[in-house]
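Below are the chains, spelled out letter by letter.
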Amino acid sequence: METTQTMTKLSRFETWLCVAGWSGAVFYSIYCVHLSTDRYFRDYDDAYSDFAPGWSFVKRKVDVSDEEWRIWIPLMFQLVPWIVVQVFVSQCLKILCHNKTLLCSWYAALSVIFLWNYFGLLSTLCTLLLPCISCLLASLRSKVISWIVHTATLALIYYAKVSDVIFREWLMLEDEEYFMLTAAVCWIQLRSISYSIDSIESYKHIDVWGFIQDLLQNLAYCLYLPTLFLGPVILYQQFLDGVNKPFTQWGKEKSLRIFSSLVRYTFWMYFTQLALHYVYFNALRFHPEFVISLRPWAFYGLGYCMGQYFLNKYVVVYGLTSTVCRAEDIDAPPQPKCIGRIHLYSDMWKHFDRGLYKFLLRYIYIPCNPKSAIGKFFASAVCFTFIYLWHGMHLYIFIWAFLNFFGLFIETMAKSISGFFYQNIIGISISPQNKRRLECMISSPLLALSAISNFYFFAGDEIGHMYIYRVFRESWTATATLLLALYGCCQTSTEIKQLEKGKVLNESKDKVKNKIL
């Protein structure tokens, strides 16, 4: 709900008090989760294989109950030699003969070979369906028809997920393989939409060879190996721009940048794995009878752990895949920003999955023509409807999407009326510092709603309901402590945001000064 355009600084003591209070609350709550989970799972009868032997030097068991992390990390190691070969050959092709069709053929061929090797022929053919359909849709030159077909395919993908036994047996896949196949198809769905919409306006009547070239470009884009299974979303035009870029020399600066990024995200991968040896919050999600009995610090700490872990997963996978994309001169979205330094709904959607945010903005929000307040409301509703359909039409997904839409609506309304409120009701009697304090106080309950909405997404509707129940049934001291900690988060987030704005402003001034000189 931050409306202040100029930099509003608090005293250094107050700023550090808020940062220390928020950081201390986070670390203490994580410690409480460690104590609670360690005690609960010490003599646990592991009937569902939620745990595995940990690293030998740690001498503790590790939480492996999260299906995504358990499958993604081995898959990433399996992809490493393939991606090394891809990058090496693609750079050689750019040096020897920079031919877009040849480069796209290489990308598509290598991905198809990997898919065939990983899934088999039948599943590989399934991944080729959407790119081929989107090519045919582009030739029809109708965005309405394209959206109707893509919406129908979203429903088919959802049906394939809920009827997994039937399709898995038909495709002769193991559970983990089918899980990754559906994930790949979901990502291909977004890329197919991007290709269809971007290609409609520029599409021209072409001969058979032209159609084949177009199909190869789309296959290369939809099946691009680094982002095929794990994302992030790269828009079609961004991918083409990267393919069309001439070879850039791998000098010291570029090599060091890529190497440091790989080291950085590899560190976070092993750090997250180490944390799973000590804090068993993933396994705790499946024990609601114990979750509801947790004391406030451990209970809310569990929520923070789920959010931080979710962030770490995507920092690792998006960070590593985006680094490979940049090595091939393809502009990939930056890594997600830490949830511990964001307090606004709008900033969370803008800075967590930036590829998905750009996708929604370009293909859904802007085409809805959000010029009026009602138009913005409608455009946001359509965006969140698509998010609900794409993630899967389950109850907990609906609650998560609806609460996010509702929270964003409240934030937007608050921003709209805050100017009138300050000018006509409070007037000039409030200082910029008190205005910032007031905004953070009002944002604290909204931040709690934002967090709870995400708990539905992380752990399902039963756990999400528990957080709603506990928020209204906690003692006043526990609620006050929670809001005080969240106030510290809002102030910390505001301070970091202002520092970033100041840095960007200084860089812009330096660029202008250099141009003048």
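The name recorded for the protein chain in an unreviewed UniProt entry is Protein-cysteine N-palmitoyltransferase Rasp, from Nasonia vitripennis. Entered under Sequence similarities (unreviewed entry) in the UniProt record, the comment concerning the protein chain runs "Belongs to the membrane-bound acyltransferase family. HHAT subfamily." Here is the UniProt Subcellular location (unreviewed entry) comment for the protein chain, exactly as written: "Membrane".

1. A word on the overall build of the protein chain
Helix and strand counts for the protein chain come out as 21 helices and two strands. Here the C-alpha radius of gyration of the protein chain, 25 Å, is about what a compact globule of 517 residues would show, namely 24 Å. For the C-alpha atoms alone, the extent of the protein chain along its principal axes is close to 70 × 65 × 50 Å. Across the 517 residues of the protein chain, 52% fall into the buried class. A sequence separation of at least 24 residues applies to 78% of the contacts in the protein chain between residues at least 6 apart. Surface exposure of the protein chain reaches about 25,700 Å², of which carbon and sulfur atoms provide 67%. On the protein chain, the mean spot of the 46 positive side-chain charges and the mean spot of the 38 negative ones are 11 Å from each other.

2. Notes on the state of the cysteines
Think of a disulfide as a covalent bridge from one cysteine sulfur atom to another cysteine sulfur atom. If you walk through the whole model with that rule in mind, you get zero disulfides. Left unpaired, Cys-104 is separated from the closest cysteine sulfur, that of Cys-222, by 11 Å. According to the relative accessible area criterion, Cys-104 is buried, its value standing at 0%. Cysteine Cys-489 is unpaired, with the sulfur of Cys-490 as its nearest cysteine sulfur at 5.6 Å.

3. What to know about unusual backbone geometry
Most of the time, phi is negative for any residue but glycine, and the peptide bond is trans. For the bond from Gly-231 to Pro-232, the omega torsion is 0°, close enough to zero to count as cis. On the secondary structure map, Pro-232 appears in the loop between helix H9 (225–228) and helix H10 (236–244). The phi dihedral of Lys-59 falls on the positive side, at around 60°, and the residue is not glycine. The residue Lys-59 is located in the loop between strand S1 (51–53) and strand S2 (61–63) in this model.

4. A short note on the domain arrangement of the protein chain
With domains assigned, the protein chain is organised as domain 1 (99–246) and domain 2 (363–516). Relative placement of domain 1 and domain 2: their C-alpha centres are 34 Å apart. When residues of domain 1 are sorted by the area they lose upon contact with domain 2, Trp-147, Leu-154 and Tyr-158 head the list and together hold 48% of the total. Our count for the domain 1 to domain 2 interface comes out at zero salt bridges. Counting only elements with at least two residues in the side of domain 1 that touches domain 2, the list comes to helix H5 (143–162) and helix H7 (175–202). Taken together, the residues of the side of domain 1 that touches domain 2 break down into twelve nonpolar, two polar and two charged.

5. A few points about the packing of aromatic side chains
Taken as a whole, this structure holds 55 aromatic pairs when the rule is applied. Consider the rings of Tyr-221 and Tyr-236, whose centres lie 5.2 Å apart with planes at 65°: the pair is edge-to-face. With Tyr-221 in helix H8 (residues 208–222) and Tyr-236 in helix H10, this pair connects stretches of sequence that are 15 residues apart. In this structure, Tyr-221 and Tyr-236 share a single accessibility class: buried. Seen in terms of ring centroids, Phe-310 and Tyr-314 are 4.9 Å apart; in terms of plane orientation they differ by 50°. Their pairing is tilted. Remark: Tyr-314 and Phe-310 occur in helix H14 (residues 296–327); sequence separation between them is four residues, near one turn of the helix. Judged by its relative accessible area of 12%, Tyr-314 is buried. The cationic tip of Lys-61 hangs over the ring face of Phe-51; the distance from NZ or CZ to the ring centre is 4.5 Å. The ring centre of Phe-299 lies 4.1 Å from the NZ or CZ of Arg-470, which sits over that ring.

6. Notes on a nonpolar patch on the surface
A grouping of Phe-377, Leu-395, Phe-398, Phe-402, Phe-406, Phe-409, Ile-410 and Met-413 is seen on the molecular surface, where their side chains present a nonpolar patch of about 710 Å² in accessible area. Tallying contributions element by element places helix H18 (residues 395–426) first for the nonpolar patch, with seven residues. With respect to the helices and strands, the residue Phe-402 is situated in helix H18.

Parameters and conventions
- Residues numbered from 1 in each chain as written.
- Predicted model: local features only at pLDDT ≥ 70, side-chain atom pairs only at ≥ 80, totals over all residues.
- Heavy atoms only, no water.
- UniProt positions renumbered as here; feature names shortened; annotations may be inferred.
- Helix = DSSP H or I, 4+ residues; strand = E, 2+ residues; numbered from the N terminus.
- Rg over C-alpha atoms; globule rule 2.2 N^0.38 Å.
- Buried < 20%, exposed > 50% of the residue type's maximum accessible area, 1.4 Å probe, protein only.
- Contact = heavy atoms within 4.5 Å.
- Areas by Shrake-Rupley, 256 points an atom, 1.4 Å probe, with all protein chains shown as cover.
- Lys, Arg positive; Asp, Glu negative; His and termini not counted.
- Charge placed at Lys NZ, Arg CZ, Asp CG, Glu CD.
- Disulfide = S-S within 2.5 Å.
- Domains from an automatic or database assignment.
- Buried area = accessible area lost by both parts, 1.4 Å probe.
- Salt bridge = Lys/Arg side-chain N within 4 Å of Asp/Glu carboxyl O.
- Nonpolar A, V, L, I, M, F, W, Y, C, P; charged D, E, K, R; others polar.
- Phe/Tyr/Trp six-rings, centres within 6.5 Å; stacked < 30°, edge-to-face > 60°.
- Lys NZ or Arg CZ within 6 Å of the ring centre and 35° of its normal.
- Patch = residues over 30% accessible without salt bridge, like charges linked within 9 Å, V, L, I, M, F, W, Y side chains within 5 Å.

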